[in-house]
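# Structural features, examined
So you can see what is in the structure, the chains are spelled out below.
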Amino acid sequence: MITKLKEGSTYVVDNEGIYTEFICDEPADVLNLPTGANSSSLDRPRPGSTAVITSTQEVYVLTNQRVWVALVEG
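What you are looking at is a predicted structure, and each value in this text was computed from that prediction instead of being measured.

Once that is clear, we can look at the overall build of the protein. Scanning the protein from N- to C-terminus turns up zero helices and six strands. Counting from the amino terminus, the protein carries its helices and strands in the arrangement β-β-β-β-β-β. Relative to its length of 74 residues, the protein is compact, with a C-alpha radius of gyration of 12 Å against a globular reference of 11 Å. For the protein, the residues scored as buried account for 32% of the 74 residues in total. When the accessible surface of the protein is totalled, it reaches about 4700 Å², and 54% of it is carbon and sulfur.

This is the structure in structure tokens:
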């Protein structure tokens, strides 16, 4: 599956949600991030959204399966 985040200078907003960037203090904070898995709301985070963990310099990304996974480990 492929999910488009941006077209030109405009972020895509559709039934997948909106691109969202989060800042978390600790890796455990990722467990509290919304996935949008059980929601049809247009303001849910779309796959490709990111979370930066400041204490460990890790970056997480929301997959197409709506699971937060480490993209860059600190």
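Here we take up the sheet that holds strand β3 (residues 21-24). Taken together, the four strands give an open sheet; going across it, the order is β3-β4-β5-β6, and neighbouring strands pair in mixed fashion. Each edge of the open sheet carries a strand with a single partner, namely β3 and β6 (68-72). Strand-to-strand twist across the sheet, computed as the mean angle between neighbouring axes with direction ignored, equals 30°. Both strand β4 (residues 50-53) and strand β5 (residues 58-62) contribute to a ladder of four bridges, which runs antiparallel. Each bridged residue has a counterpart across the sheet, and for Ala51 the counterpart in β5 is Tyr60.

This brings us to the packing of aromatic side chains. Counted by the stated rule, this structure contains two aromatic pairs. Between the aromatic rings of Tyr11 and Tyr19, the centroid separation amounts to 5.2 Å while the plane-to-plane angle is 5°, which identifies the pairing as stacked. Look at Tyr11 and you get partly exposed, because its relative accessible area is 41%.

Take the pairing of β4 next. For β3 and β4, the ladder comprises four bridges, and the chain directions are parallel. Bridging from a neighbouring strand, Cys24 pairs with Ile53 of β4. In sequence, β4 turns back onto β5 through a hairpin of four residues, with Gln57 there showing a positive phi of about 60°.

What follows covers the environment of Val69. Take Val69: it is sitting in strand β6. The spacing of Val69 and Val30 is 39 residues in sequence and 9.2 Å in space, taken between C-alpha atoms. Ignoring sequence-local partners within four residues, the contact set of Val69 consists of Val59, Tyr60, Val61 and Thr63.

Another aspect to go through is the pairing of β6. Of the pairings in the sheet, the one linking β5 to β6 comprises four bridges and is antiparallel in character. Of the residues in β6, the one forming a bridge with Tyr60 is Ala70. Turn length for the β5-β6 hairpin, with the two strands adjacent in sequence and antiparallel, is five residues, and the turn residue Arg66 shows positive phi of about 60°.

Parameters at a glance
Residues numbered from 1 in each chain as written. Predicted model: local features only at pLDDT ≥ 70, side-chain atom pairs only at ≥ 80, totals over all residues. Heavy atoms only, no water. Helix = DSSP H or I, 4+ residues; strand = E, 2+ residues; numbered from the N terminus. Rg over C-alpha atoms; globule rule 2.2 N^0.38 Å. Buried < 20%, exposed > 50% of the residue type's maximum accessible area, 1.4 Å probe, protein only. Areas by Shrake-Rupley, 256 points an atom, 1.4 Å probe, with all protein chains shown as cover. Pairing = 2+ DSSP bridges. Axes fitted to C-alpha atoms, helices over the stretch in contact; angles between N-to-C directions. Phe/Tyr/Trp six-rings, centres within 6.5 Å; stacked < 30°, edge-to-face > 60°. Contact = heavy atoms within 4.5 Å.

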